[in-house]
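Commentary on secondary and tertiary structure
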Amino acid sequence: MQIAVLGTGRVGSQLARGLAAAGHRVVLGSRNPDARAPGTEPVVPVRSYADAVADAEVVLLAVPFAAAAELLVGLGDLGGRILIDATNPIGVDTAGRTGADLVAAAATNARVVKAFNTIGAEHMADARFAGGAAFALLAGDDEAARDVVGGLAEALGFEPVHLGDLATARHAEAAARLWIHLVFARGYGRDIGVGLLRRPIPPLSTARSTKESQVSKKILIVASNPTVSAQTGWPVGFWLSELTHPYAEFVQAGYEVTIVSPDGGPIRPDDYSDPRHESGYSADDILSLGFLSSPRHAGLLVDTVALSQVDPSGYDAVFLVGGQAPMFTFHNDERVHRLIADAHQQGKVVAVVCHATAALLKARTPDGELLVKDKTWTGFANSEEDAADAAVGRKLQPFRIEDEARAITGTNFIVQRAFRPHAVRDGNLITGQQQNSGAAAARLVIEALGH
Ligand SMILES: NC(=O)c1ccc[n+]([C@@H]2O[C@H](COP(=O)([O-])OP(=O)(O)OC[C@H]3O[C@@H](n4cnc5c(N)ncnc54)[C@H](OP(=O)(O)O)[C@@H]3O)[C@@H](O)[C@H]2O)c1
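Residues numbered from 1 in each chain as written. Predicted model: local features only at pLDDT ≥ 70, side-chain atom pairs only at ≥ 80, totals over all residues.

Brief notes about the nonpolar core
If you look at the biggest cluster of nonpolar residues, it comprises 68 residues, and the most contacted ones within it are Ile-221, Val-318, Leu-320, Val-321, Ile-340 and Ala-351. Excluding anything up to four places from it in sequence, Leu-320 contacts Val-222, Phe-330, Ile-340, Ala-351, Val-352, Val-353, Ala-356 and Ala-359. Within the second largest apolar cluster, 63 residues are counted, among which are Ala-4, Val-58, Ala-134 and Phe-135. (Core = buried A, V, L, I, M, F, W, Y, C linked by C-beta atoms within 7 Å. Buried ≥ 20, exposed ≤ 12 C-beta atoms within 10 Å, placed from the backbone. Contact = placed C-beta atoms within 7 Å.)

Re the domain arrangement of the protein chain
Per the domain assignment, the segments making up the protein chain are domain 1 (2–185) and domain 2 (210–449). Averaged C-alpha coordinates put domain 1 and domain 2 at centres separated by 36 Å. With 11 residues of domain 1 at the interface, the matching set in domain 2 holds 8 residues. With 5 residues, helix α1 (residues 10–21) is the single largest residue contributor to the side of domain 1 that touches domain 2. Here the residues of the side of domain 1 that touches domain 2 are counted per class, giving 4 nonpolar, 3 polar and 4 charged. (Domains from an automatic or database assignment. Helix = DSSP H or I, 4+ residues; strand = E, 2+ residues; numbered from the N terminus. Nonpolar A, V, L, I, M, F, W, Y, C, P; charged D, E, K, R; others polar.)

Details of the site of the ligand
Near the ligand you find 21 residues, and of these Gly-7, Gly-9, Val-11, Ser-30 and Thr-87 are the closest. Residue assignment for the shell around the ligand shows that the elements contributing at least two residues are α1 and α3 (65–75). Broken down by element, the shell around the ligand gets its largest block of residues, 3 residues, from α1. Across the shell around the ligand, the residue classes break down as 9 nonpolar, 10 polar and 2 charged. (Near = placed C-beta within 6 Å.)

Pasting the structure below:
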């Protein structure tokens, strides 16, 4: 099926990616088809809105609600095409009408179906959750059109649920408000979906695998927001393997993982940690390559939740990812210091790897002591800084973790041979030396949590 997805933002890009992966011919429509945000790759062709719609059988609206009417009026006669309305009229006075009703009023000769508005964009290319599929609530006057959209939803892993005519879109818009309330006002995190649960309960022995029947532990992975290195002027981010390798360990242990960042929004890996980078530095990191190639997983990096939106009490462990950026972000970020100090104080497991240990140079317990006081721990070694500086021919970091750690009295900082996997557990504090130590640190977290 030929589909035009209008809007190249979070919802548009995820749905375009998922629908293309399901075998549909997808074109993205954009206000500026030639402009692209730095670092983003086109997953499908990008055209003007009118060109994208020209050959399409189905048009999917994924722009801010406030921009929808003008766009639709500009498109003119839609020739009976199916128009999927994925927008939500958040913060807009609709004078008691549904958003779908206003979209339908602005569209000429379109069969409008409300759909894909009830969960976060990052789940739309793959709507399967631990408890089953999220529902895709379908509202539209034309039943055949709803069936078509239901088929598209199914291909993305949703369970299609027909609400009825377009007036019933009010239920779909209410479901979106419920999701937003749970995520942003109640701190449930974005990794939740809304769907139907059914009776009867299948017998445990056949319905659940051993893994599923375990009480799931919850891990909060915190990666740095992107910044610019004050030392080199390069854009810097988190180190990919330090996120993906622990992620794989945790999900294989049956844990639920939430990836967040201090400020929220998109996060980006350091160039040298990206297996696709021209340097080839991380070319053998096939786990990270797989993570980036999977729409659902890559989507976890597109729009992270901010720490302020997270309730850390709901997690069993906190895991700080290293990379180049934490030397400039985590190092002086009191939100990060407080997160790990409080979590440690509450007996939760705190893991910090590589340059994220810059946070441990400053994090203090409520009684004012450094968190690492009397602790044995590790972090990026001077021998590794020497090797990294030599590889790029310049000094990369403004200071060195090992120098700073050794200057602290009453703490035991240890390192092993350069770039060898090395993780240390001292009580509930777990540290990893560098980028090859993420999995080892994650395994110690699993051990500390009692599996
Ligand atoms: N984010 C979610 O999790 C989520 C979930 C369910 C539903 N929704 C709904 O889906 C719609 C799209 O949300 P989104 O999160 O994808 O938004 P977004 O990331 O801000 O992207 C919206 C896209 O719409 C296009 N656009 C056209 N006119 C615009 C304007 N005047 N201002 C800004 N962008 C404009 C832009 O693409 P071009 O520049 O390429 O034209 C932009 O990238 C919204 O109605 C939202 O309520 C969002």
